[in-house]
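Notes for the structure review
The primary structure of each chain is shown beneath.
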Amino acid sequence: MSPKQVPAVGVDPYFPTHGDARYRVHRYELVLDYRPGPNRLAGSARISAVAGTSGAGSAAGPGAAGEPLREFALDLAEFRVGRVLVDGKAVHYTHRAGKLRIRPAKPLPAGAAFTVEVHYSGNPRPVRSQWGGLGWEELTDGALVASQPVGAPSWYPCNDRPADKATYLISITTPSPYTVVVGGRLLTRTTHASSTTWVFEQAAPTSSYLVTVSIGHYQTVLLTEADPAAGRVPQTAYLPARLLPEFTYDFGRQTRMMPFFESMFGRYPFGEYAVVVADEELDVPVEAQGVATFGTNHVDGTRSSERLVAHELAHQWFGNSVSIADWRHIWLNEGFAKYAEWLWSEHVGGRTAAGHAAVAHTLLSGLSQDLRLADPGKKLMFDDRLYERGGLTMHALRRALGDAAFFQMIKDWAAIHRHGVVSTAEFTAHAGQYAAGGSLDGFFDAWLWEPGLPALPL
């Protein structure tokens, strides 16, 4: 198979032990109780799914003809599993090396809907990876979740692959002094004695790594109220109260970013947007569905991190709504978000997108030419060069298509694949429809598949 051929959606080649292509999840309903002091999590997960086929190595989707599903797997870290039910009946299971393998009492026919219920408890901790710990992270006083790319099993059982998107209903009970933030709409908040239960619903299909939780002592700041008539998206911030003056300045233009990005990319794809400033320093901000999490080091009163504010907001369109089929295609997330930084800079009178492209080209010209953007490999998937070359590729494509065609192409891409799953091959085919001067095959070969850096387009 040549590097540009894309197989059917199935096992992720970068993380072949994560996820199970033999079924798809429709909905997760999580009921969690978290105690910050002892870092103790007790929970139950009810998972509604549809069986596919059980053939070895199959990437067939739900409803495909084939043998019944005789067993399947969920990804779950080192928790104590109390019981597992399939369609309400106790079943045989094993739990080793991050895999909860389940054998239903009766095989599930292809296309059959079924439910799995898992009860578990323990002390959540990050999943180890080459990038450090991923997933549930205990803070000095509270917790946060940063799962990209494979940290979701650190706190709930899931089919952990980005292509398997589902809706979520999440209930979290914590001591009452803490604020809980989850991506989606807050349905209820109920206090009983010393504990409060927060219930959130994320109605949009969501990849497992994009589900987040933040628990801490936060002040809630309403940035914009919902205004359906005006198409205004409600935006809320959660942050340590002492940082409010700096935050007000540093994030003061986020409410202007939203309508600007909507003019560039089309309607915002979710019902709300929240930002959390965790009471810890973080290496980088973290995007999740409808939420972005920043560290105290990103709030300094000088707008030094405003490009990151733009970057994380842009991910709501590219990465979250339009999601990648597997991690080979990560440039589709990061290239769009990087270019959004440059567009915002130009919009507010800073360096132009062309100026940013020139700087990025000079930077990349002096670095190793061993990164294939469309399939960087697991080792280089978060390399800084991928972000810069991704943004530069978007600018080169803009030059190749012209402004009118380029921005129409972007809007159509976000609209056609809203809440969907995409690959690089689908993007290049889509973009090619907007090229007035002929095929873009040579362009994409040079920018996506050849490691050497093409000349800067003028």
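From a predicted model like this one, the values you see are computed outputs, not experimental measurements. (Residues numbered from 1 in each chain as written. Predicted model: local features only at pLDDT ≥ 70, side-chain atom pairs only at ≥ 80, totals over all residues. Heavy atoms only, no water.)

When a protein is soluble and globular, its nonpolar side chains tend to lie buried together. The biggest cluster of nonpolar side chains holds 82 residues, and the ones touching the most others in it are Phe261, Phe265, Leu397 and Phe427. Beyond its immediate sequence surroundings of up to four residues, Phe427 is in contact with Trp331, Leu332, Phe336, Met394, Leu397, Met409, Trp413 and Phe444. Within the second largest apolar cluster, 47 residues are counted, among which are Leu74, Val118, Val182 and Val211. (Core = buried A, V, L, I, M, F, W, Y, C linked by side-chain atoms within 4.5 Å. Buried < 20%, exposed > 50% of the residue type's maximum accessible area, 1.4 Å probe, protein only. Contact = heavy atoms within 4.5 Å.)

Quick look at the sheet that holds strand β18 (residues 273–277) now. Read across the open sheet, the five strands follow the order β16-β17-β18-β20-β19; overall the sheet is mixed. The sheet is open, and its two borders are formed by β16 (219–224) and β19 (286–288), each paired with just one other strand. Between one strand and the next, the sheet's axes are offset by a mean angle of 20 degrees, whatever the strand orientation. Here β16 pairs with strand β17 (residues 235–239) via five bridges, running antiparallel. For Thr220, the partnering residue across the bridge sits in β17 and is Tyr238. (Pairing = 2+ DSSP bridges. Helix = DSSP H or I, 4+ residues; strand = E, 2+ residues; numbered from the N terminus. Axes fitted to C-alpha atoms, helices over the stretch in contact; angles between N-to-C directions.)

Attention shifts here to the confidence of the model for the protein chain. Averaged over all residues, the pLDDT of the protein chain is 94; the fraction at 70 or higher stands at 95%. Overall, residues 1–9 carries pLDDT values under 50, and its contacts beyond four positions in sequence, including any with other chains, amount to 16 contacts. Low pLDDT, under 50, characterises residues 54–64; the stretch is placed with 25 contacts to residues that sit more than four places away or in other chains. (pLDDT = per-residue confidence, 0-100.)

The relative placement of two packed helices comes down to the angle between their axes together with the axis-to-axis distance. Helix α3 (residues 306–314) packs onto helix α2 (residues 254–265) with a crossing angle of 50 degrees between their chain directions and a minimal axis gap of 10 Å. With respect to α3, the axis of α2 lies oblique. As for the relative orientation of α2 and α3, their crossing is right-handed in sense. Taken together, the residues of α3 that come into contact with α2 (itself represented by Gln254, Met257, Met258, Phe261 and Phe265) are Glu306, Val309, Ala310, Leu313 and Ala314. Partitioning the contact of α2 with α3 into residue classes produces eight nonpolar, one polar and one charged. (Parallel < 35°, antiparallel > 145°, perpendicular 65-115°, else oblique. Left-handed = near helix turned anticlockwise from the far one by under 90°. Nonpolar A, V, L, I, M, F, W, Y, C, P; charged D, E, K, R; others polar.)

With that settled, consider the pattern of salt bridges. A full pass over the atoms with the stated rule returns 19 salt bridges. One salt bridge connects Glu306 with Arg303, and the closest N-O pair in it is separated by 3.8 Å. We classify Glu306 as buried; its relative accessible area is 7%. Residue class for Arg303 comes out partly exposed when judged on its relative accessible area of 23%. (Salt bridge = Lys/Arg side-chain N within 4 Å of Asp/Glu carboxyl O.)

Another point: the pairing of strand β3 (residues 72–75). Here β3 shows no split at all, with Phe72 and Leu74 on one side and Ala73 and Asp75 on the other all buried. Sheet topology note: the β3/strand β7 (residues 99–103) ladder contains four bridges and is antiparallel. Paired with Leu74 across the two strands is Leu100, which belongs to β7.

Another aspect to go through is the side chain of Asp250. Inspection of the secondary structure assignment puts Asp250 in helix α1 (residues 244–250). Buried within the structure, Asp250 lacks any salt-bridge partner; its nearest side chain of opposite charge belongs to Arg303, at an N-O separation of 5.8 Å. Those residues within four positions of Asp250 in sequence are excluded, and the remaining contacts are His298, Val299, Asp300, Gly301, Thr302, Arg303 and Glu306. (Lys, Arg positive; Asp, Glu negative; His and termini not counted.)

This part covers the sheet that holds strand β10 (residues 142–146). The four strands are arranged β9-β10-β15-β12 in an open sheet whose pairing can be described as antiparallel. Two strands lie at the open edges of the sheet, namely β9 (135–139) and β12 (179–182), each paired on one side alone. Going across the sheet, the axis of each strand differs from the next one's by a mean of 20 degrees, ignoring polarity. Examined bridge by bridge, β12 and strand β15 (residues 213–216) share four bridges and lie antiparallel to one another. Looking at β15, one finds that Thr179 is bridged to Gly216.

Quick look at the packing of aromatic side chains now. Scanning all chains against the criterion turns up 34 aromatic pairs. Measuring from ring centre to ring centre gives 5.7 Å for Trp331 and Phe427, while their planes differ by 80 degrees; the resulting arrangement is edge-to-face. Taken as a pair, Trp331 in helix α4 (residues 331–347) and Phe427 in helix α8 (residues 424–432) lie far apart in primary sequence, 96 residues in all. Among the residues examined, Trp331 registers a relative accessible area of 0% and is labelled buried. Geometrically, the ring pair formed by Phe427 and Phe444 is edge-to-face, given 6.3 Å between the ring centres and 70 degrees between the ring planes. Of the two residues, Phe427 is situated in helix α8 and Phe444 in helix α9 (residues 441–449); the sequence distance between them amounts to 17 residues. Here Phe427 falls in the buried class, since its relative accessible area comes to 0%. (Phe/Tyr/Trp six-rings, centres within 6.5 Å; stacked < 30°, edge-to-face > 60°.)

Looking now at the environment of Ala204. For Ala204, the location among the structural elements is in strand β14 (residues 195–206). On the accessibility criterion, Ala204 (10% relative accessible area) is buried. A sequence separation of 65 residues divides Ala204 from Pro269, and the C-alpha atoms of the two residues are 8.6 Å apart. What Ala204 contacts, discounting residues up to four positions off in sequence, is Ala166, Thr167, Phe270, Gln289 and His419.

Attention now moves to the packing of α2 against helix α7 (residues 403–416). Where α2 contacts α7, the two axes come as close as 7 Å, and the packing angle between them is 100 degrees. Between α2 and α7, the crossing angle belongs to the class labelled roughly perpendicular. Residue-level contacts link Glu262, Ser263, Met264 and Phe265 of α2 to Phe407, Ile410, Lys411 and Ala414 of α7. Its residues assigned to classes, the contact of α2 with α7 comprises five nonpolar, one polar and two charged.

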